Amino acid sequence: MGVTDTSEQASDRAQELRRFDESKLGVKGLLDSGLTSLPSFFIHPPETLSDLKPARPTPGSIPTVDLSGCDSARRPSVVKEVGRAARELGFFQVVNHGVPQEVLDRTVAAVKAFHEQPAEAKARIYRRNSETGVSFLSNVDLFLSKAAGWRDTLQVRLGPELADVEEIPEVCRNEVLEWNQQVQRLGGLLLGLLSEGLGLSPGKLQELTCLDARMMVGHYYPPCPQPNLTVGLTSHADPGVITVLLQDQVGGLQVKHGDEWVDVTPVPGALVINIGDILQIMSNDEYKSVDHRVLANPSQEPRVSIAVFCNPGNRENQFGPFPELVSSDKPAAFRQFTLNEYLRRFFTKELDGKSLINYFRA
Ligand code: OGA
Ligand code: NI
């Protein structure tokens, strides 16, 4: 194949991507139009595809932490369990977290209902840059990645300034606002446990505004006609402090542990919590932000998941390893940086594994 062919292919691909984005249909809209095989821009390279085996069943490998009594007698043992999970796997599930089952159910149902509206309703807010803090889009890194994933997303900024409430689609408005309240409460509790797990005072992470900038993404993973040729969400690490994830019972989320992919099997009533790059940095490499991905959905029913990324609200502050965690035995593993610098790098690259955190290594 000559050089001209390659550049022609590249421009065909760019055109296909543009056409898909301009259609504002998302993956669900494409599927509803009757498509039975994947457009080529969804097809991932052989290195990715050969590694897509569903993980071996490894029950119990992602720990489930019972939060009941964590404000009283059980607190020391909960701190220990949370700390251990954050150090070893970077992922854990929580139960008895205080969010009623009805709230979990109606949040998932509302996000599902948003994605299952007629295409025109969603197209009205299809955009990649949003002044109002609300957008519907397919693949946040569509124009940066080597291949696209089989999913659509509703993004709503929850803080430091809540999105324009009128812009939050009515089918899920109340539920999104309610979810924001729940995540604020639970996020505060989790940051307390995680601070203590590092030997710091319980208020430390929250004092540094670590819960203030919250972004919600309501993902919809439609059934995929050729799940062996693509992924739902490319392997990546979350950039922020922590992520609180509500998933339905379909499954497909996997976490990298050593050289193996481990399923995060849905546990009814549980929420999935993971450590982001900023917390790994602040903890001076004690806590781990790990790569994770979502397989393309092979089932007949759609998968819905709702992630809230918690980031520091103050973008001008310097961030780096806590001085309390730096010593001559454990020198600082990362340099200091501002969140502005950090996020600029995140949004100009594709979602590919750990390249962001490594950029800030000392
Ligand atoms: C994310 C993410 C997992 C999921 O949005 O960063 O990892 O199950 N989502 O959708
Ligand atoms: Ni993620």
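Preceding block: the structure.
Residues numbered from 1 in each chain as written. Chains lettered and ligands numbered in written order. Predicted model: local features only at pLDDT ≥ 70, side-chain atom pairs only at ≥ 80, totals over all residues. Heavy atoms only, no water.

## With respect to the packing of aromatic side chains
Link 1 in the chain: What the rule picks out here adds up to eleven aromatic pairs.
Link 2 in the chain: With a centroid separation of 5.5 Å and 80° between ring planes, the pair formed by Y126 and F136 is classed as edge-to-face. Of this pair, Y126 sits in the loop between helix 6 (119–123) and strand 3 (134–137) while F136 sits in strand 3; the two residues are ten residues apart in sequence, bridging distant segments of the chain.
Link 3 in the chain: The buried category is assigned to Y126, whose relative accessible area is 7%.
Link 4 in the chain: Judged by centre distance (4.9 Å) and plane angle (80°), the ring pair of F346 and F347 falls under edge-to-face.
Link 5 in the chain: F346 sits in the buried class, given a relative accessible area of 13%.
Link 6 in the chain: Judged by its relative accessible area of 53%, F347 is exposed.
Link 7 in the chain: Site record: aromatic cluster; members linked through ring pairs are F20, F41, F42 and W150. (Phe/Tyr/Trp six-rings, centres within 6.5 Å; stacked < 30°, edge-to-face > 60°. Helix = DSSP H or I, 4+ residues; strand = E, 2+ residues; numbered from the N terminus. Buried < 20%, exposed > 50% of the residue type's maximum accessible area, 1.4 Å probe, protein only.)

## Re the nonpolar core
Link 1 in the chain: Core analysis: the biggest nonpolar cluster contains 89 residues, and L67 and W179 have the highest contact counts within it.
Link 2 in the chain: If one sorts the elements of this core by residue count, helix 7 (residues 173–197) sits on top with nine residues.
Link 3 in the chain: Ignoring sequence-local partners within four residues, the contact set of W179 consists of V99, V103, L104, T107, L246, L271, I306 and V308.
Link 4 in the chain: If you look at the next biggest cluster of nonpolar residues, it comprises 13 residues, including L17, V27, F41 and L142. (Core = buried A, V, L, I, M, F, W, Y, C linked by side-chain atoms within 4.5 Å. Contact = heavy atoms within 4.5 Å.)

## Section: the side chain of Q155
Link 1 in the chain: Within the element layout of this structure, Q155 appears in strand 4 (residues 152–157).
Link 2 in the chain: If we skip the residues at most four places from it in the chain, Q155 touches G133, V134, S135, L137, V140, M215, M216 and V217.

## Details of helix 10 (residues 339–346)
Link 1 in the chain: Of all the positions in helix 10, only L339, Y342, L343 and F346 are classed as buried. The arc enclosing the buried residues of helix 10, seen along the axis, measures out at 90°, which places them on a common side.
Link 2 in the chain: In this structure, the buried side of helix 10 is in contact with helix 9 (277–282), strand 13 (318–319), strand 14 (337–338) and helix 11 (355–359). (Arc of directions from axis to C-beta.)

## Some thoughts on helix 7
Link 1 in the chain: When the terminal C-alpha atoms of helix 7 are compared, their 35 Å separation across 25 residues agrees well with the 36 Å that a helix rising 1.5 Å per residue should span.
Link 2 in the chain: Here helix 7 lies mainly inside the structure; 18 of its 25 residues are buried.
Link 3 in the chain: Of the residues one or two after helix 7, G199 is the one with positive phi, at around 80°. (Expected span 1.5 Å × (residues − 1).)

## Let's talk about the sheet that holds strand 9 (residues 260–263)
Link 1 in the chain: Taken in spatial order, the four strands line up as 6-11-8-9 in an open sheet, and their pairing is antiparallel. Taken across any chain shown, the strands that pair with only one partner, and hence form the sheet edges, are strand 6 (231–236) and strand 9. Each strand axis lies, on average, 30° off the axis of its neighbour in the sheet, ignoring direction. (Pairing = 2+ DSSP bridges. Axes fitted to C-alpha atoms, helices over the stretch in contact; angles between N-to-C directions.)

## Topic: the coordination of the nickel ion (ligand 2)
Link 1 in the chain: The protein atoms donating to the nickel ion (ligand 2) are H236 (NE2), D238 (OD) and H292 (NE2), with metal-donor distances spanning 2.1 Å.
Link 2 in the chain: Along the chain, the residues donating to the nickel ion (ligand 2) fall in the pattern H-x1-D-x53-H. Of this pair, H236 sits in strand 6 while H292 sits in strand 11 (residues 292–295), and the two are 56 residues apart along the sequence. (Donors = N, O, S within 2.8 Å, 3.2 Å for Na, K, Ca; no water.)

## Let's talk about the packing of helix 4 (residues 75–88) against helix 7
Link 1 in the chain: Helix 7 packs onto helix 4 with a crossing angle of 80° between their chain directions and a minimal axis gap of 8 Å. Classified by the angle their axes make, helix 4 and helix 7 are roughly perpendicular. Between helix 4, through R75, V78, V79, V82, A86 and R87, and helix 7, the contact on the second element is made entirely by G192, L193, L194, E196 and G197.
Link 2 in the chain: Classifying every residue of the contact of helix 4 with helix 7 gives six nonpolar, two polar and three charged. (Parallel < 35°, antiparallel > 145°, perpendicular 65-115°, else oblique. Nonpolar A, V, L, I, M, F, W, Y, C, P; charged D, E, K, R; others polar.)

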